[in-house]
Structure formats: structure tokens, C-alpha cells
Amino acid sequence: MNEVVAADIAGVESRTPARTPVWPALLLLALVLILGLLATFDVGQLTERSFVKAVAFRENVTSDALILIAQWVTWVGDAAQRTLAMAVFAGWLFWRKRRYAALVMLIAPPLAGASSSILKEIFGRARPDVVPHLDMVSNLSFPSGHATNAMATYLLAALLIAQIRRSLWVALAIGVAATIGASRILLGVHWPSDVIGGWLWGAAIALIGLTVAQRMEVGQNAKRKPSLMSRPPSGA
């Protein structure tokens, strides 16, 4: 009997995810705040201005096809598309009976977006005026909302869902977020540090979401562990 109970406990524990420390996320959040302060006081502004001038697309200069590709990449990172992706990811987790992870998947990305908007108001950084904008924008610049939300959504999904070849899925998620963020610079609507800050902020929220989901699932699995006292006698 003891061997059976031990095997059951081992089976539960093998499905219990390892806990991710929270300090990397806190470090990323601190880096974003430092980067925002540097941007507020125009530290490195000349370098960023030169970079945007060198790489940003321009009508009648850059190929229309390249501009259209950048605009489509940005479109993938828009709110409606992100929300749909988030709902699909959460639905998959719920179907896999991971309701706490699904709940985190539904809460963390909107939290990343809301906190990004608050940071925009705090730092009050204006949009680049180096080249004409190739996308409609109406709010402030630091950090990039597209970069923040894309990183928070896709990185969190990779961390929560992937069980096999996780590093590959994480790399793919980062690649998607990196591409969306880069498109904002190419369209002339963000400074490079806006996008970097967005990536870091989104990654921090994703890591916090992972930590919360892991802790909730550990507690849930702990309640499911069988007890020796609850087992009926085997009759052997």
C-alpha cells in the first residue's frame, strides 16, 4: 500500500511546476524606470534621433512593399489581434484543466497594457518628429505599448503552455514581440528606447504572471496529494 501511495504522490509532484524566482522581473521593472528617467532628461537623444533618421521608412523613398509589411506587422500587435490571441491561449489552458494559468493569461497582458499607459503619462515623452509617421498615433511615447503588450502576451503564453522544447517556443515568442516592436521604429512612431523599455516591461509582467500561476498551481496540486490515512486497508 505504501508503495502505491508513494507512486501517487510522486505522480502529482512530477506535474508540479518549478517555481520561478521573482527577482528577475523586479530587476527588469527597475531597468525600465531608469530608462524612462534617462529618456525624460534626453540622455542619448541625439543618438536615438540619428538612428531613427537612418532606419525609418519614408514614403516615396522606401519600397511600398516594405512599408506595407511593417504596417501589417504593427497590425498584428494591435489591441484586437492581441486580445484574440490572448483568448485563444487562455482557452487552451482552460481546456487542459489549468484554470489558474488560464486566469493569469487573461489578466497579465491587460495589466501590462494598463501599466504601460500609466508610464506614458508619468514620463510624458513626445513621439519622434524625425520623419513623417507611417502609422496613426495619438498618445505619448515611452514605453511602446505595442512592444509591451506583444512581449507580455506571447512570452507569457510560451512560458505557460510549452511543456516540450520550451526554449524554442520562448525564442519564437520573443522573436514575434521583437518584430512587432521593431516595426514601430521603422514606421517612425517610436524611439528605440521606447521599444526596448516596452520589451523589458512586457517581459517583466510575463515573468510575474508565470510566478503567480506556478504558485497557484503548486497550491492546487498540494491539495490533491493523497494521504495515507485516507486510503482504505488493502486487505493484504
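Refer to the structure printed above.
Here the residue numbering is sequential within each chain, running from 1 through the sequence in written order. The predicted nature of this model means local features are confined to residues of pLDDT at least 70 and side-chain atom pairs, given and counted, to a pLDDT of 80 or more, with totals for whole chains, interfaces and linings taken over all residues. Note that water and hydrogens are dropped before the side-chain values are worked out from all heavy atoms of the structure.

Looking at the nonpolar core
As a reminder, the rule being used: For our purposes a nonpolar core is just a set of buried Ala, Val, Leu, Ile, Met, Phe, Trp, Tyr and Cys residues, chained together by side-chain atoms within 4.5 Å. Categorising residues by exposure relies on relative accessible area from a 1.4 Å probe, with only protein chains included: less than 20% of the type maximum marks a residue as buried, more than 50% marks it as exposed, and the intermediate range marks it as partly exposed. Segments assigned H or I by DSSP are reported as helices when at least four residues long, segments assigned E as strands when at least two residues long, and all are numbered from the N terminus. Should any heavy atoms of two residues lie within 4.5 Å, those residues are considered in contact.
Of all hydrophobic cores here, the largest spans 38 residues; its most connected members are Leu93, Met105, Tyr154, Leu155, Leu156, Leu160 and Trp201. Among the elements of the structure, helix H2 (23-40), helix H5 (79-95), helix H6 (99-123), helix H7 (145-161), helix H8 (166-186) and helix H9 (192-224) are those that each provide at least two residues to this core. Top contributing element to this core by residue count: H7, with ten residues. Aside from chain neighbours lying at most four places away, what touches methionine 105 is Met86, Phe89, Ala90, Leu93, Thr153, Leu156, Ala157 and Leu160. Phe57, Ile67, Ala70 and Leu134 belong to the second largest nonpolar core, which has five residues in total.

Looking at the pattern of salt bridges
Note the threshold: In what follows, salt bridge is the name for a side-chain nitrogen of Lys or Arg lying within 4 Å of a carboxyl oxygen of Asp or Glu.
Applying the stated criterion to the full structure yields five salt bridges. With a shortest N-O distance of 2.9 Å, glutamate 217 and arginine 98 are connected by a salt bridge. Linking glutamate 217 in helix H9 with arginine 98 in the loop between H5 and H6, this pair joins segments that are 119 residues apart in sequence. For glutamate 217, a relative accessible area of 7% gives the class buried. Among the salt bridges present, the one from arginine 184 reaches aspartate 135, with a minimum N-O distance of 2.7 Å. Of this pair, arginine 184 sits in helix H8 while aspartate 135 sits in the loop between H6 and H7; the two residues are 49 residues apart in sequence, bridging distant segments of the chain. Among the residues examined, aspartate 135 registers a relative accessible area of 26% and is labelled partly exposed.

Points about the packing of aromatic side chains
For clarity, the threshold we go by: In summary, the pairing rule links any two rings of Phe, Tyr or Trp, Trp by its six-membered ring, whose centres are within 6.5 Å, and it sorts them by plane angle into stacked for under 30 degrees, edge-to-face for over 60 and tilted for everything else.
According to the stated counting rule, one finds four aromatic pairs in the structure shown. Pairing phenylalanine 89 with tyrosine 154 gives two aromatic rings, centres 6.1 Å apart and planes at 80°, and the pair type is edge-to-face. A residue pair is termed long-range when its members are at least 10 positions apart, and phenylalanine 89 in helix H5 and tyrosine 154 in helix H7 qualify at 65 residues. Ring centres 5.4 Å apart and planes at 90° place the aromatic pair phenylalanine 123 and phenylalanine 142 in the edge-to-face group. A residue pair is termed long-range when its members are at least 10 positions apart, and phenylalanine 123 in helix H6 and phenylalanine 142 in the loop between H6 and H7 qualify at 19 residues.

Quick look at the packing of H7 against H8
Packed helix pairs are characterised by how far apart their axes lie and by the angle those axes make with each other. What counts here: Interaxial angle, 0 to 180 degrees, is taken between N-to-C directions of lines fitted to C-alpha atoms, where a helix line uses only the stretch in contact. In what follows, roughly perpendicular refers to angles from 65 to 115 degrees, roughly parallel to angles under 35, roughly antiparallel to angles over 145, and oblique to any angle outside these ranges. Residue polarity is assigned by list, with Asp, Glu, Lys and Arg as charged and Ala, Val, Leu, Ile, Met, Phe, Trp, Tyr, Cys and Pro as nonpolar; anything else, Gly included, falls into the polar class.
Running from amino to carboxyl end, H7 crosses H8 at an angle of 170°, the nearest separation of the two axes being 9 Å. If you check the angle between H7 and H8, you find them roughly antiparallel. For the pair formed by H7 and H8, the contact residues are His146, Ala147, Ala150, Met151, Tyr154, Leu155, Ala158 and Leu159 on the first element and Arg166, Trp169, Val170, Ala173, Ile174, Val176, Ala177, Ile180, Gly181 and Arg184 on the second. The residue makeup of the contact of H7 with H8, split by class, is 14 nonpolar, two polar and two charged.

Brief notes about the environment of alanine 39
Within the secondary structure, alanine 39 sits in helix H2. It is 8.1 Å that separates the C-alpha atoms of alanine 39 and phenylalanine 142, two residues lying 103 residues apart in sequence. With residues near it in sequence (within four places) discarded, alanine 39 still touches Arg125 and Ser193.

Section: helix H3 (residues 45-55)
What counts is decided by this rule: What the arc covers is the set of directions going from the helix axis to the C-beta atoms.
Here H3 has its buried residues at Gln45, Glu48 and Val52. Taken down its axis, H3 places every buried residue within 65° of arc, on the same side. Residues Leu46, Thr47, Lys53 and Ala54 are exposed on H3 and point more than 90 degrees away from its buried face.

Brief notes about the side chain of serine 116
Along the chain, serine 116 falls in helix H6. With a relative accessible area of 2%, serine 116 lands in the buried category. The contact partners of serine 116, leaving out residues within four places of it in the chain, are Pro143, Ser144, Gly145, Thr148 and Trp201.

Comments concerning unusual backbone geometry
Looking along the chain, the bond that leaves phenylalanine 142 and enters proline 143 is cis, with omega of -5°. In this structure, lysine 97 is a non-glycine residue whose phi angle is positive, near 65°. If you check the backbone angles, arginine 165 has positive phi at about 50° while not being a glycine. Turning to its location among the elements, arginine 165 is positioned in the loop between H7 and H8. Overall, the relative accessible area of 64% leaves arginine 165 in the exposed class.

All we've got here are geometric facts, nothing functional implied.
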